[in-house]
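Results of the structural survey
Residue strings, one per chain:
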Amino acid sequence: MREHKKLRAFVLADEITVGIYKITRSFPKEEMYGITSQMRRAAVSVVSNIVEGCARESQNEYHRFLEMAFGSLRELDYQFDLSTRLEFIESKNDKAEILQSKLTEAQKVLGSLLRSMS
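As a starting point, this report considers the structure included with it. (Residues numbered from 1 in each chain as written. Predicted model: local features only at pLDDT ≥ 70, side-chain atom pairs only at ≥ 80, totals over all residues. Heavy atoms only, no water.)

**A word on the overall build of the protein**
Quick reminder of the rule: Counting from the N terminus, the helices are the DSSP runs of H or I reaching at least four residues and the strands are the DSSP runs of E reaching at least two. Values of the radius of gyration come from C-alpha atoms, whereas the globule rule sets the reference at 2.2 Å times the count of residues to the power 0.38. Exposure classes here rest on a 1.4 Å probe applied to the protein chains alone. A residue is buried below 20% of its type maximum, exposed above 50%, and partly exposed in between. When checking whether two residues touch, look at their non-hydrogen atoms; a contact exists if any pair is within 4.5 Å. Per-residue and other accessible areas were derived by the Shrake-Rupley procedure at a 1.4 Å probe size, with only the shown protein chains allowed to occlude residues. Positive charges come from Lys and Arg alone, negative charges from Asp and Glu alone, with His and the N- and C-terminal ends not counted. The location of each charge is read from NZ of Lys, CZ of Arg, CG of Asp or CD of Glu.
Broken down by element type, the protein carries four helices and zero strands. Counting helices and strands in the order they occur from the N terminus, the protein gives α-α-α-α. For 118 residues, the compact-globule estimate of 2.2 N^0.38 gives 13 Å, and the protein sits close to it at 14 Å. By its C-alpha atoms, the protein is 45 × 25 × 20 Å across when sized along the principal axes. Going through the 118 residues of the protein one by one, you find that 39% of them count as buried. Taking as baseline every contact in the protein between residues at least 6 positions apart, the subset at least 24 positions apart corresponds to 71%. Per element, the accessible surface of the protein, about 7,000 Å² overall, is 52% carbon and sulfur. In the protein, 18 positive and 17 negative side-chain charges are present, and the distance between their average locations comes to 3 Å.

**Points about the pattern of salt bridges**
Two side chains carrying opposite charge are able to pair once their charged atoms lie near each other. The criterion, for reference: For this document, the term salt bridge refers to a Lys or Arg side-chain nitrogen within 4 Å of an Asp or Glu carboxyl oxygen.
The final tally for this structure, using the stated rule, is six salt bridges. For Glu61, the salt bridge identified is with Arg56, shortest N-O distance 2.9 Å. With a relative accessible area of 27%, Glu61 lands in the partly exposed category. Judged by relative accessible area, which is 25%, Arg56 ranks as partly exposed. Residue Arg85 pairs with Asp81 through a salt bridge whose shortest N-O separation is 3.0 Å. Here the residue Arg85 and the residue Asp81 both occupy positions in helix H3 (residues 59-85), the gap between them amounting to four residues, near one helical turn.

**Some details on the nonpolar core**
Worth spelling out the cut-off: Remark: nonpolar core denotes a set of buried residues (Ala, Val, Leu, Ile, Met, Phe, Trp, Tyr, Cys) joined through side-chain atoms within 4.5 Å.
Ranked by internal contacts, the top residues of the largest apolar core, which has 30 residues, are Ile16, Ile20, Met39, Ile50, Leu73, Leu76 and Phe80. Considering each element in turn, this core owes the most residues, eight residues, to helix H2 (residues 35-55). Other than its neighbours up to four places away in sequence, Leu73 contacts Ile16, Val46, Leu103, Ala106, Gln107 and Leu110.

If you want it as structure tokens, here you go:
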């Protein structure tokens, strides 16, 4: 069993999840079951799949869960971009810029981890 808390990908994904929950609080109420819900689910999916993958004994299962986490991370990145273009997120907001930076870094870190396993 691997310790998920030692993975940089987990740390970033966890920070992103908290940030997504905070930033989506200000989204329009009519988006509660739309983009707000989608972004929160995708963020939680990233972290959850990393944790579940780390709990698996086989390397193949670990890799499969990390791939699912990466897919959810890419989905979240698109949703973040869409929310910015729809002006639900202020593009010049420092917190939004930090969160976007973490999304980019997490994709690089998780992508590198996946490539190293191939």
